[in-house]
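Here is how the chains run, residue by residue.
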Amino acid sequence: MVVSTPAFARNTLDVLTWCDHEDPALLGPFEKANDVKVNFKDIDSTAAALAVLGQSKPGDWDVLVADETDTGRLAGLGLLAPLDAKDFPFGDIPAAIASPKLTSVNGVLYSVPEKFGYNTIAYNKTTFDAAAAADINSPWDPKYKGRVAVYDYYVPEIEYTAIALGMNPEKLTDADLPAIKAKLIALKQNAAMVGDVTTVQQALATGAVDVLFGGGEWVTAGLAHDNPNLNYTIPKQGGVRWQQGLSVFATSQKKDLATKFIQYILSPEGQGKLATSSCYWGMPANSKAVLTDDQKTILRWSDQPTYIKTTFPYLQMTPDFDKKLQAMWAEVLQSK
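Now for a quick tour of the structure. Computed from a predicted model, the values in this text were never measured in an experiment.

The rules behind these values
Residues numbered from 1 in each chain as written. Predicted model: local features only at pLDDT ≥ 70, side-chain atom pairs only at ≥ 80, totals over all residues. Heavy atoms only, no water. Helix = DSSP H or I, 4+ residues; strand = E, 2+ residues; numbered from the N terminus. Rg over C-alpha atoms; globule rule 2.2 N^0.38 Å. Buried < 20%, exposed > 50% of the residue type's maximum accessible area, 1.4 Å probe, protein only. Contact = heavy atoms within 4.5 Å. Areas by Shrake-Rupley, 256 points an atom, 1.4 Å probe, with all protein chains shown as cover. Expected span 1.5 Å × (residues − 1). Arc of directions from axis to C-beta. Salt bridge = Lys/Arg side-chain N within 4 Å of Asp/Glu carboxyl O. Pairing = 2+ DSSP bridges. Patch = residues over 30% accessible without salt bridge, like charges linked within 9 Å, V, L, I, M, F, W, Y side chains within 5 Å. Lys, Arg positive; Asp, Glu negative; His and termini not counted. Charge placed at Lys NZ, Arg CZ, Asp CG, Glu CD. Core = buried A, V, L, I, M, F, W, Y, C linked by side-chain atoms within 4.5 Å. Axes fitted to C-alpha atoms, helices over the stretch in contact; angles between N-to-C directions. Parallel < 35°, antiparallel > 145°, perpendicular 65-115°, else oblique. Left-handed = near helix turned anticlockwise from the far one by under 90°.

### Considerations on the overall build of the chain
- Scanning the chain for helices and strands turns up 14 helices and 14 strands.
- Expected size for 336 residues packed as a compact globule is a radius of gyration near 20 Å; at 20 Å, the chain falls within 12% of this value.
- Projected onto its principal axes, the C-alpha positions of the chain cover 60 × 45 × 35 Å.
- The buried share of the chain, reckoned over its 336 residues, is 56%.
- Relative to all contacts within the chain whose residues are 6 or more apart in sequence, the contacts with residues 24 or more apart total 76%.
- Surface summary for the chain: the accessible area is close to 14200 Å², and the carbon and sulfur share equals 53%.

If you want it as structure tokens, here you go:
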């Protein structure tokens, strides 16, 4: 567990989080205002969070940062505490981002949206044609063989491939999987690598590859000043939208403090710091986030209504279908 400052604080709050919540610049104001020390453990997926929980005692953790596609599954496992929508600025969150499909189960709120962005095509403008980037199928083109990187996360990559096949990615069934698998294997054969966030971002930034399948603002925005040639686009066929949210663990003994933490992250000031985290940038859920004009330009603030309309949220899956997708992705990665 990584422990942030201040060490003198009387209270503690234990958070399972992705790297963008670990900046002292983000945590410092909350810690100071509440005389609290935020203890956090870095995770990169819901599966990683569940693994940590499996080795923890009830009450060890207070807050969870997770992909909101998993809200229903986590709530179904009894892991999340109900939340009161009145405690959070839902009136300042776009309706599609605040959708109960992603935040609630049977009318009960379990997750509050805080940050979102896109899995689409990220590319180097000097080596990859913008017209090609506008076509979702371009990474399969043989002329780009060895110049493509693939983000190693099965949910958006499977869904994005489904869009490339003309399928509705929100209504996938078992019958769709063979065609998706075959197309993903073809993509892997055209790619130079499949890697995690850091690996694929570095590959694009250094010129090791020209295009990243599944990339987006989370890859390019934070590097905009140092590498203005990096770009991302949503192809004419559409793209995939990731969305993360904050939840309180049902076994937390500090639910009031946990709620305060979520309220801080959803505040205009907290949202501005989270959106421009040193780990990765993304769109803040709160439309009143405190950002400079330059930061808004980099995040394409004015384009968001169009981007939201032309992208699909992550799949809402049953545990059984999720296992099938994970198994299929493993087969793709093992293919030659």
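### Digging into helix α14 (residues 319–334)
- The terminal C-alpha atoms of α14 lie 23 Å apart, and with 16 residues this matches the ideal 22 Å at 1.5 Å per residue to within 8%.
- Every buried residue belonging to α14 is among Phe321, Asp322, Leu325, Met328, Trp329 and Val332, and all of these are buried. Angular distribution of buried residues about the axis of α14 spans 125°; they occupy a single face of the element. Pointing more than 90 degrees away from the buried face of α14 are the exposed residues Lys323 and Gln334.

### Describing the pattern of salt bridges
- Taken as a whole, this structure holds 10 salt bridges when the rule is applied.
- In this structure, the salt-bridge partner of Asp20 is Lys115, at a minimum N-O distance of 3.0 Å. With a gap of 95 residues between them, Asp20 in the loop between β2 (11–17) and α1 (24–34) and Lys115 in strand β7 (residues 112–124) connect regions that are remote in the sequence. One exposure class covers both Asp20 and Lys115, and it is buried.
- Two residues, Asp322 and Arg73, come together in a salt bridge whose shortest N-O distance is 3.6 Å. Of this pair, Asp322 sits in helix α14 while Arg73 sits in helix α3 (residues 71–76); the two residues are 249 residues apart in sequence, bridging distant segments of the chain.

### Observations regarding the pairing of β7
- Most of β7 is tucked away: 13 of the 13 residues are buried.
- As judged from the 7 bridges shared by β7 and strand β12 (residues 239–248), these two strands associate in the antiparallel manner. Paired with Val112 across the strands is Leu246, a residue of β12.
- Strand direction decides the pairing type here: β7 and strand β13 (residues 283–284), joined by 2 bridges, are antiparallel. Residue pairing in the sheet places Phe116 in a bridge with Met283 of β13.
- When β7 meets strand β10 (residues 211–215), the two strands line up antiparallel, connected through 4 bridges. Of the residues in β10, the one forming a bridge with Ala122 is Leu212.
- Note that β7 and strand β11 (residues 230–233) share 4 bridges and pair antiparallel.

### A word on a negative patch on the surface
- A cluster of acidic side chains, namely Asp42, Asp44, Asp152 and Asp196, defines a negative patch on the protein surface.
- When you line up the elements, Asp44 lands in the loop between β3 (36–42) and α2 (46–54).

### Remarks on the nonpolar core
- Counting residues in hydrophobic clusters, the biggest one holds 107 residues, and the most contacted among them are Leu13, Leu64, Ile180, Leu212, Phe261 and Leu325.
- No other element matches helix α6 (residues 154–164), which puts 7 residues into this core.
- Filtering out sequence-adjacent residues up to four positions away, Leu325 remains in contact with Tyr154, Ile158, Leu177, Leu315 and Met317.

### Let's talk about the packing of helix α7 (residues 177–190) against α14
- Interaxial distance between α7 and α14 falls to 9 Å at its minimum, and their mutual angle equals 30°. By the angle between their directions, the pair α7 and α14 is classed as roughly parallel. Relative to α14, α7 is oriented so that their crossing is right-handed. Each of Leu177, Ile180, Lys181, Leu184, Ile185 and Lys188 in α7 lies in contact with α14, whose residues at this interface are Phe321, Lys324, Leu325, Met328, Trp329, Glu331, Val332 and Leu333.

### Notes on the pairing of β12
- Across the 10 residues that make up β12, a large majority, 10, are buried.
- Two strands pair when backbone bridges link them, and strand β4 (residues 63–67) and β12 are joined in this way by 5 bridges, in the antiparallel orientation. Residue pairing for β12: Leu64 is matched across the bridge by Ser247.
- Pairing between β12 and strand β14 (residues 311–313): 3 bridges, direction parallel. The residue of β14 that forms the bridge with Val240 is Phe312.

### Re the side chain of Asp176
- By the element assignment, Asp176 lies in the loop between α6 and α7.
- One buried charged residue, Asp176, forms no salt bridge at all, with the nearest opposite charge on Lys171 at 11 Å.
- Asp176 has contacts with Met167 and Lys171, leaving out every residue within four places of it along the chain.

So, to be careful, I would describe these as geometric facts and stop short of saying anything about function.
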